[in-house]
Amino acid sequence: MVLLGGFHHVKLPVSSVHKSLEWYRRVLGLEVAIEFVEDGVLRGVALTDTGQTLMIALREEPERAAGLSGFDPVALAVPTLQALHAWSEHLDALSVEHSGIAEGSVGWLIGGIIDPDGIELRLYTRERRP
C-alpha cells in the first residue's frame, strides 16, 4: 500500500477573501503563506499557523460558500484538553461565540465556531478521554 502523510491543505469557499482573511487571522491566528491573484485581484489565500502544522486555503466562490453555510467540514486538532481550555478563553476574549467544551466521541471539542460565511469549524483534542 502506498502511504499517505496527512493533509496537505483544506480549501474552503468564501464569499469575500478579504473579510474571511481578517476573520481567520484574528480568530485562529493564521498567517498568509500564499496569495492567489488573478487579473490583479486577490481571489484566494493559503493560510498557515505559526508552527506550520496546517494549511487552510480560502477561495472566493460565493455560491459554493453559501452551500456550506451551516455545515461543519473541518475539525482542527488541538493536542490536549488543557490546550482546548486555552482556546476557549481565547475565543471568549475575542467575543467569538462557540459551544463551550464538550465531550466528543473520543476526546473533547469546541464546536459552533462560525466563520463569516456560516461555515462551522470545530476544535477537537488529539488527547482521548479515559
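Above this text you will find the structure in question.
Criteria and thresholds
Along each chain, residues carry numbers from 1 onward, in the same order as the chain's sequence is written. Selection of residues for local features in this predicted model requires a pLDDT of at least 70, selection of side-chain atom pairs for listing and counting requires 80 or more, and totals for whole chains, interfaces and linings are taken over all residues. Only heavy atoms go into the side-chain values, all of them from the structure, while hydrogens and water stay out. Two strands qualify as a pair provided DSSP detects at least 2 bridges between them. In DSSP terms, a helix is any run of H or I states spanning at least four residues, a strand is any run of E spanning at least two, and both are numbered starting from the N terminus. All axes here are fitted lines through C-alpha atoms, helices being fitted over the stretch that makes contact, and every angle between N-to-C directions spans 0 to 180 degrees. The criterion used for residue contact is that any of the two residues' heavy atoms lie within 4.5 Å. Put simply, the grid is 1 Å and covers the protein atoms alone, a cavity is a trapped set of points that fit a 1.4 Å probe, a pocket is an open set with protein on both sides within 12 Å along at least five of seven lines, and lining residues have an atom within 4 Å of a point. Grid points are joined across faces, edges and corners, and a volume is the space filled by probe spheres set on the points. In this classification, the charged set is Asp, Glu, Lys and Arg, the nonpolar set is Ala, Val, Leu, Ile, Met, Phe, Trp, Tyr, Cys and Pro, and all remaining amino acids, among them Gly, are polar.

Asks: An account of the sheet that holds strand 4 (residues 55–60) is needed here, citing residue identities and associated values.
Replies: As summarised here, the arrangement of the four strands in space is 1-4-3-2, forming an open sheet in which the pairing is mixed. Unpaired on one side and paired on the other, strand 1 (10–14) and strand 2 (31–38) mark the two borders of the sheet. Pairs of neighbouring strands in the sheet enclose a mean axial angle of 25°, with direction left out of account. Two strands pair when backbone bridges link them, and strand 1 and strand 4 are joined in this way by five bridges, in the parallel orientation. The residue bridging Val14 from the neighbouring strand is Glu60, located in strand 4. Running at roughly 20° to strand 3 (residues 41–48), helix 1 (residues 17–28) makes contact with strand 1, strand 2, strand 3 and strand 4 of the sheet.

Asks: So what about the layout of surface pockets? Which residues, and what values?
Replies: The calculated volume of the largest pocket comes to roughly 720 Å³. If you list the elements that add at least two residues to the lining of the largest pocket, you get strand 4, strand 5 (74–78) and strand 8 (120–125). The biggest single contributor to the lining of the largest pocket is strand 5, with five residues. In terms of residue class, the lining of the largest pocket is built from 18 nonpolar, five polar and four charged.

Such coordinate-based values are descriptive only and should not be taken to indicate function.
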